[in-house]
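Listed below, chain by chain, are the residues.
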Amino acid sequence: MSFLKNSGLKALGFAAVAAVALGACSGGSANDDLALIRATLSIKTVSQGGVCESVRIRLTPKEFIGEANKYANNKMMVAEVNMIGPTDEDGAPMCNGSGETLPMAPGNWEFSAPLASGTVTCVRNIQADGDLSILLIDGVDGCGGPSGVNEMSAESEMPAEGETPPESADAAAPAAD
């Protein structure tokens, strides 16, 4: 085996073995053609001392729903969103930023971000054909910004099971003859 003493041939032999090993692994799996799901993160927060620092958003899986591409993340991860500003928005110095997550497995994910007024947390069902826009606004609960809060307040006005709904102003008014 004197030909293996030549370093060039030795390297060529190792390369051939590696190519054969990789060829055996390239068989692909059934879920390779599933979509890689990435959520778009948007942050709006009050500037701290006139500075806009990046915000680290924690993404934690709560429940997996459906099949995921083999490259999708299924563990807690952190996405860093670079912020720009501050800009004057109605007299308040605001920082704004947006970014994208790493590929995520489909299911319910919790998004949590430390903003100036405290930690904002929400849970969103992440699906390839669903709403992948996560908007976290300082002082507003939920993943969708002010519209998400309005939907929540409408739900909170619903009576609990067994209770009678409150009368609306229209129902309490006497009927006109």
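Residues numbered from 1 in each chain as written. Predicted model: local features only at pLDDT ≥ 70, side-chain atom pairs only at ≥ 80, totals over all residues. Heavy atoms only, no water.

Asks: Could you give me a rundown of the overall build of the protein chain, with the residues and numbers involved?
Replies: Secondary structure summary: the protein chain contains three helices and eight strands in total. Taken from N to C terminus, the helices and strands of the protein chain fall in the order α-β-β-β-β-β-β-β-β-α-α. Taking contacts inside the protein chain between residues at least 6 apart in sequence as the whole, the part at least 24 apart equals 60%. In the structure as shown, the protein chain presents an accessible area of about 11600 Å², 55% of it carried by carbon and sulfur atoms. (Helix = DSSP H or I, 4+ residues; strand = E, 2+ residues; numbered from the N terminus. Contact = heavy atoms within 4.5 Å. Areas by Shrake-Rupley, 256 points an atom, 1.4 Å probe, with all protein chains shown as cover.)

Asks: Describe the pattern of salt bridges, with residues and values.
Replies: Tallied over the entire structure, the rule returns three salt bridges. A salt bridge links E89 to K44; the shortest N-O distance between them is 2.8 Å. Here E89, found in strand β4 (residues 83–89), pairs with K44, found in strand β1 (residues 40–46); they are 45 residues apart in sequence, far enough to count as distant. A relative accessible area of 27% places E89 in the partly exposed class. Looking at K44, the relative accessible area reads 24%, which means it is partly exposed. R124 is paired through a salt bridge with D131; the nearest N and O atoms lie 3.4 Å apart. Looking at R124, the relative accessible area reads 14%, which means it is buried. D131 gets classed as partly exposed once you look at its relative accessible area, which sits at 46%. (Salt bridge = Lys/Arg side-chain N within 4 Å of Asp/Glu carboxyl O. Buried < 20%, exposed > 50% of the residue type's maximum accessible area, 1.4 Å probe, protein only.)

Asks: If you had to explain the confidence of the model for the protein chain to someone new, which residues and values would you point to?
Replies: Scored by pLDDT, the protein chain has a mean of 78; 64% of the residues are at 70 or more. Under a pLDDT of 50 for its full length, residues 147–160 has, in the predicted model, four contacts with residues more than four places off or in other chains. Predicted confidence for residues 165–177 stays below pLDDT 50, and this span has two contacts to residues more than four positions away or in other chains. (pLDDT = per-residue confidence, 0-100.)

Asks: Mind laying out the sheet that holds strand β2 (residues 55–64), listing which residues take part and the relevant values?
Replies: Spatial ordering of the open sheet is given by β3-β2-β6-β7, a layout of four strands whose pairing is antiparallel. With one partner strand each, in any of the chains shown, β3 (77–81) and β7 (118–126) form the two edges of the open sheet. With direction set aside, neighbouring strand axes in the sheet form an average angle of 25 degrees. With five bridges joining them, β2 and β3 adopt antiparallel strand pairing. Paired with V55 across the bridge in β3 is V81. (Pairing = 2+ DSSP bridges. Axes fitted to C-alpha atoms, helices over the stretch in contact; angles between N-to-C directions.)

Asks: Residues and numbers for the nonpolar core, please.
Replies: Most often, soluble globular proteins keep nonpolar side chains buried together rather than apart. In this structure, I57, F111 and I126 are the most contacted members of the largest nonpolar core, which totals 25 residues. Going through the elements one at a time, β1, β2, β3, β6 (107–115), β7 and β8 (133–137) are the ones with two or more residues in this core. If one sorts the elements of this core by residue count, β6 sits on top with four residues. Here F111 is in contact with L41, I57, R58, L59, M104, V120, T121, C122, R124, I126, I134 and C143, once residues within four sequence places are set aside. (Core = buried A, V, L, I, M, F, W, Y, C linked by side-chain atoms within 4.5 Å.)

Asks: Please give an account of the pairing of strand β5 (residues 92–100) that cites residues and values.
Replies: Where β1 meets β5, seven bridges bridge the pair, whose relative direction is antiparallel. Paired with L41 across the two strands is G99, which belongs to β5. The sheet contact formed by β4 and β5 spans five bridges and is antiparallel. In the sheet register, I84 faces β5, and the bridge partner there is N96. The antiparallel hairpin formed by β4 and β5 contains two residues in its connecting segment, where D90 sits at a positive phi of about 55 degrees.

Asks: Explain the packing of aromatic side chains residue by residue, including any values.
Replies: In this structure the tally under the stated criterion is one aromatic pair. Judged by centre distance (6.3 Å) and plane angle (75 degrees), the rings of F64 and W109 are edge-to-face. Linking F64 in strand β2 with W109 in strand β6, this pair joins segments that are 45 residues apart in sequence. On the basis of relative accessibility, which here comes to 0%, the residue W109 falls in the buried class. (Phe/Tyr/Trp six-rings, centres within 6.5 Å; stacked < 30°, edge-to-face > 60°.)

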